[in-house]
Amino acid sequence: SEIRGIFGGGRNPAVNTNTIDYITIASQGNAIDFGDQSRNYMAAGGMSSSTRGIFAGGYAPSLPDLDMEYVEIATLGNALDFGDLFTGAYYSGTASSPTRGVYAGGNNPSGSVATIQNLTIASLGNMIKFGDLTEARSGMAGGGNSVRGIFCGGYVTTAPSGKKFRQTIDYVTIASEGNATTFGESIPSATTGISQRSGSGSNQTRAVFAGGQDNSSAVNSMEFVTIATTGNTQDFGDLPESQRAVAVLSDSHGGLGGF
C-alpha cells in the first residue's frame with residue numbers, strides 16, 4: 001500500500017485554515033485534498049503511527065487549543081475527535097513511537113511551557129503528564145525513533161531580549177515517563193545555527209533538523225544527530241533557501257510498518 005504524508009491546518013496567508021492535504025511519499029507531485037479539521041488553527045503538533053495521524057493543540061484563533069483530532073492515514077475523510085491536551089500549548093515539539101505520541105513544551109498566554117505530555121496513539125482519550133523539559137521553551141524541532149524522542153532548539157518568551165533563542169537538545173525515552181535529559185546542542189553549520197521552528201525528519205538511526213530561525217533571521221542549515229548517542233549536532237548540508245516553520249516528515253521513523 002502507498003505510504004502517505006499528511007499535513008493539516010496552518011495559516012494562509014493571514015487567517016488560520018482547517019484543510020488537510022496528503023502526498024504519497026514515494027512519488028512526486030502536488031498535494032491532494034484529504035479532508036478537513038473541525039476548526040481553523042495553526043502551530044499544532046503532529047504525531048503518528050503507520051496507521052493513524054494525530055493533530056494536537058495549536059493556536060485557534062488567538063488562544064492555545066486543547067483539542068486533539070485524528071485521521072486514519074490509509075483512508076480519506078475529515079478528522080475526528082481524539083481527546084484533550086493535559087496543558088494547552090502551541091509551537092510544541094513532538095515525537096512518536098509505534099504506540100505512543102509525545103508532545104513537549106510550547107507556548108501559551110503564561111509564556112513558555114516546560115510540560116511534556118503523552119498519549120497512546122491507537123486509543124482515544126486525553127493527554128497525561130509525561131515529565132518536564134530541561135527548560136521551558138517553544139518552537140522546538142521534535143524527532144527521534146521508536147525508542148527516543150529528541151527536541152532541538154527553542155525560544156523562551158520570558159527570557160530577556162537577546163537571550164530568548166536556545167540551541168539546547170533534550171531527549172526522553174518514549175516508553176517510560178520522566179523528565180527530559182540534556183542530549184547536546186545545535187552547533188552552527190556555518191555562521192548561523194538552528195534555534196527555533198526548524199523541521200525534523202528521522203529514521204531509526206538519525207534525526208535531521210532543517211531550516212529554522214536564529215536570533216535574527218531564517219536559516220538554510222541542516223544538521224543531524226545520531227539518536228542512540230548523545231552529543232552536539234553535525235553539519236548535514238544546506239537547504240536551497242533559508243526557511244523557518246518548516247514541515248518535515250519521514251516514512252522510516254519506526255512505525256508499525258517496520259521501517
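Residues numbered from 1 in each chain as written. Predicted model: local features only at pLDDT ≥ 70, side-chain atom pairs only at ≥ 80, totals over all residues. Heavy atoms only, no water.

S.K.: Would you mind showing me how to read the sheet that holds strand 15 (residues 181-185) here?
M.R.: Backbone-to-backbone hydrogen bonds join strands into a sheet, with any given pair of strands oriented parallel or antiparallel. Taken together, the 4 strands give an open sheet; going across it, the order is 12-13-14-15, and neighbouring strands pair in antiparallel fashion. Looking along the sheet, the strands with just one partner apiece sit at the ends: strand 12 (141-144) and strand 15. Strand-to-strand, the axes of this sheet are offset by a mean angle of 25 degrees, without reference to chain direction. Sheet analysis places strand 12 next to strand 13 (residues 148-155), joined by 4 bridges and oriented antiparallel. The residue of strand 13 that forms the bridge with alanine 141 is cysteine 152. (Pairing = 2+ DSSP bridges. Helix = DSSP H or I, 4+ residues; strand = E, 2+ residues; numbered from the N terminus. Axes fitted to C-alpha atoms, helices over the stretch in contact; angles between N-to-C directions.)

S.K.: Explain the pairing of strand 5 (residues 52-56) here, please?
M.R.: The side chains of a regular strand alternate, residue by residue, between the two faces of the sheet. Most of strand 5 sits inside the fold, with 5 of its 5 residues counted as buried. Across the two faces of strand 5 the burial is the same, with Arg52, Ile54 and Ala56 and Gly53 and Phe55 all buried. Sheet topology places strand 4 (residues 45-48) next to strand 5; 4 bridges connect them, and they run antiparallel. Residue pairing in the sheet places serine 48 in a bridge with glycine 53 of strand 5. Joining the antiparallel neighbours strand 4 and strand 5 is a turn of 3 residues. With 5 bridges connecting them, strand 5 and strand 6 (residues 67-72) associate as antiparallel partners. For alanine 56, the partnering residue across the bridge sits in strand 6 and is methionine 68. (Buried < 20%, exposed > 50% of the residue type's maximum accessible area, 1.4 Å probe, protein only.)

S.K.: Whenever I open this one, the side chain of asparagine 107 confuses me. Can you help?
M.R.: Counting through the fold element by element, asparagine 107 comes out in strand 9 (residues 100-108). A polar atom in the side chain of asparagine 107 sits 3.5 Å from the backbone nitrogen of serine 112. (Polar contact = N/O pair within 3.5 Å; in protein donor to acceptor, adjacent residues only side chain to side chain.)

S.K.: Sorry if this is basic, but what is going on with the sheet that holds strand 1 (residues 4-8) here?
M.R.: Spatial strand order, 1-2-3: 3 strands in an open sheet with antiparallel pairing. A strand with exactly one partner marks an edge of an open sheet, and here the two such strands are strand 1 and strand 3 (32-41). Neighbour-to-neighbour, the strand axes of the sheet open up by a mean angle of 20 degrees, direction not taken into account. Relative to strand 3, strand 2 (residues 17-24) runs antiparallel, the two being bridged by 5 bridges. Pairing of threonine 17 across the sheet is with tyrosine 41, part of strand 3.

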